[in-house]
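# Chains, contacts and geometry: an overview
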Amino acid sequence: YFLYGLNYAFAFVALFLTGASLATKQPTMTASALASSLDTRKGGVSLQGLALTFGKVWRSQFASFVGNIIVVFPLSYLLSVGWEYASGVPLLHDHKESVKALRDQNPLTSLAWLYACITGVCLFTSGIISGYVDNKVIYGKIGKRMQEHVWLRRMISGPKLHKIATFTNRNLGGIVGNVCLGFMLGYAALVGSFFGLPFDIRHITISTAYFAFGVDGLDNTLSSFDWIWTSIGVIGIGFFNFLISFSLAFYVAVRSRNVALSRLPHVGRLIWRFFIKYPLDFIYPPKEDRREEDVFKG
């Protein structure tokens, strides 16, 4: 389990440092953007701005879903085929393991969607951890203190120390959050096994990869049941990953601005107006950002 967590953590940190983004982690990183969208220059709140930001978040998640379908599945399938070609050994060793890779994503044969919700909580929690560490770095002036630390100044030259301090300021929160996420996902099955609870994780990217591995492991001879319900299961996993992590981030955002939950139905109506007027904005970005007066006037 430690190696599982370490593998996840290494992959997530590599994504972060290369400027990439874990698709379902986007909602957990939008709490500050959502909160900012509520602000107005007069000191009140802008529910219309929140509705516009919701559209942007939805669009990014739609892109992540499409990305999992057109990128992760074929690449994982090719990886499985290439592994067997190079090593002579199938990636999934037998028929039983291949079927399990499919059935673990199937909502009729597993608790995949419940586990997807648990994953959403982990994604949200890692985002909170990242934000906490980033705030600690900024308000604690960690970078400046590193540059003024007597021992560090003796051991490291000025320009190098400056680069390290700058790197720490920019990236420490993201690194810590992604490491925590990796180990939360890696140890989830152990927690469930230890307490005897239905506790595990399902992430759309990982589930899509296992779907592809299972397809290759069965030589593309899947039953209609497995094709249909595994596909539905993977889509549902992505939906619940997004729904839970976004809902928690959304709640934090509105509470941070003291917006009463009773006003959320009005936000829903604004989002619906936005969707009716500009439905393509929820799928593809417009040439210019929509303004509140353009969308909600009249």
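Everything numeric in this text was worked out from a predicted model, so none of it was measured. (Residues numbered from 1 in each chain as written. Predicted model: local features only at pLDDT ≥ 70, side-chain atom pairs only at ≥ 80, totals over all residues. Heavy atoms only, no water.)

## Quick word on the pattern of salt bridges
Following the criterion strictly, the structure yields four salt bridges and no others. Put simply, D200 and R202 hold a salt bridge, and the shortest N to O gap is 3.7 Å. The class of R202 is buried, set by a relative accessible area of 10%. Two residues, D281 and R290, come together in a salt bridge whose shortest N-O distance is 2.6 Å. Judged by relative accessible area, D281 falls into the buried class, the value being 4%. (Salt bridge = Lys/Arg side-chain N within 4 Å of Asp/Glu carboxyl O. Buried < 20%, exposed > 50% of the residue type's maximum accessible area, 1.4 Å probe, protein only.)

## Notes on the packing of helix α4 (residues 95–103) against helix α9 (residues 204–217)
It is at 8 Å that the axes of α4 and α9 come closest, and there the two elements cross at 145°. Handedness of the crossing formed by α4 with α9: left-handed. Residues S98, A101 and L102 of α4 lie in contact with α9, whose contacting residues are Y210, F211, G214, V215 and G217. Class assignment of the residues belonging to the contact of α4 with α9 gives a composition of five nonpolar, three polar and no charged. (Axes fitted to C-alpha atoms, helices over the stretch in contact; angles between N-to-C directions. Helix = DSSP H or I, 4+ residues; strand = E, 2+ residues; numbered from the N terminus. Left-handed = near helix turned anticlockwise from the far one by under 90°. Contact = heavy atoms within 4.5 Å. Nonpolar A, V, L, I, M, F, W, Y, C, P; charged D, E, K, R; others polar.)

## Remarks on the nonpolar core
Formed by 18 residues in total, the largest nonpolar core has its most connected members in F246, F250, V267, I271, F274 and F296. Breaking this core down by element, the ones donating at least two residues are α3 (47–87), α10 (224–256), α11 (264–277) and α12 (292–296). No other element matches the six residues that α3 contributes to this core. If near-sequence neighbours (up to four positions away) are discounted, I271 is found in contact with A51, F54 and F282. With 11 residues, the next largest nonpolar core counts A112, A116, V215 and L222 among its residues. (Core = buried A, V, L, I, M, F, W, Y, C linked by side-chain atoms within 4.5 Å.)

## Some remarks on the packing of aromatic side chains
According to the stated counting rule, one finds 17 aromatic pairs in the structure shown. The interplanar angle of 15° and the centroid separation of 6.0 Å between the aromatic rings of Y8 and F12 together place this pair among those described as stacked. Of this pair, Y8 and F12 are both found in helix α1 (residues 2–17), four residues apart, which corresponds to roughly one turn of the helix. Accessibility classification places Y8 together with F12 in one group, the buried group. Feature note: the residues F54, W58, F242 and F246 constitute an aromatic cluster, connected by ring pairs. Against the face of Y278 rests R290, its NZ or CZ located 3.8 Å from the ring centre. (Phe/Tyr/Trp six-rings, centres within 6.5 Å; stacked < 30°, edge-to-face > 60°. Lys NZ or Arg CZ within 6 Å of the ring centre and 35° of its normal.)

## Here we look at α10
Its 33 residues place the ends of α10 48 Å apart at the C-alpha level, agreeing with the 48 Å of an ideal helix rising 1.5 Å per residue. One or two residues past the end of α10 sits N258, with phi positive at roughly 55°. (Expected span 1.5 Å × (residues − 1).)

## Here we look at the packing of α9 against α10
Close contact between α9 and α10 brings their axes to 9 Å; oriented N to C, the two are set at 165°. With respect to α10, the element α9 is oriented roughly antiparallel. Regarding α9 and α10, the two cross each other, and that crossing is left-handed. Packed against α9, whose contacting residues are I204, S207, T208, F211 and V215, the element α10 presents W227, T230, S231, V234, I237, G238 and N241 at the interface. Among the residues making up the contact of α9 with α10, the classes are represented as six nonpolar, six polar and no charged. (Parallel < 35°, antiparallel > 145°, perpendicular 65-115°, else oblique.)

## Some words on the confidence of the model for the protein
Considering every residue of the protein, the mean pLDDT works out to 86; 91% of them sit at 70 or more. For the protein, helix α2 (residues 31–37) is the element with the lowest average pLDDT, namely 65, and α4 is the one with the highest, namely 93. (pLDDT = per-residue confidence, 0-100.)

## Here's the deal with the side chain of Q105
Within the secondary structure, Q105 sits in the loop between α4 and α5 (112–139). On the basis of relative accessibility, which here comes to 3%, the residue Q105 falls in the buried class. Among the polar contacts made by the side chain of Q105, one reaches the main-chain carbonyl oxygen of A101 at a distance of 3.0 Å. (Polar contact = N/O pair within 3.5 Å; in protein donor to acceptor, adjacent residues only side chain to side chain.)

## A few points about empty space enclosed by the protein
For the coordinates displayed, the defined rule picks out one cavity of 30 Å³ or more. As a volume, the largest cavity reaches approximately 70 Å³. Lining the largest cavity, in full, are L52, K56, R59, F274, D281, P286, D289 and R290. Among the elements that take part in the lining of the largest cavity, α3 stands out by supplying three residues, more than any other. In terms of residue class, the lining of the largest cavity is built from three nonpolar, no polar and five charged. (1 Å grid on protein atoms, 1.4 Å probe; cavity = no way out; pocket = protein on both sides within 12 Å on 5 of 7 lines; lining within 4 Å. Points joined across faces, edges and corners; volume = space filled by probe spheres on them.)

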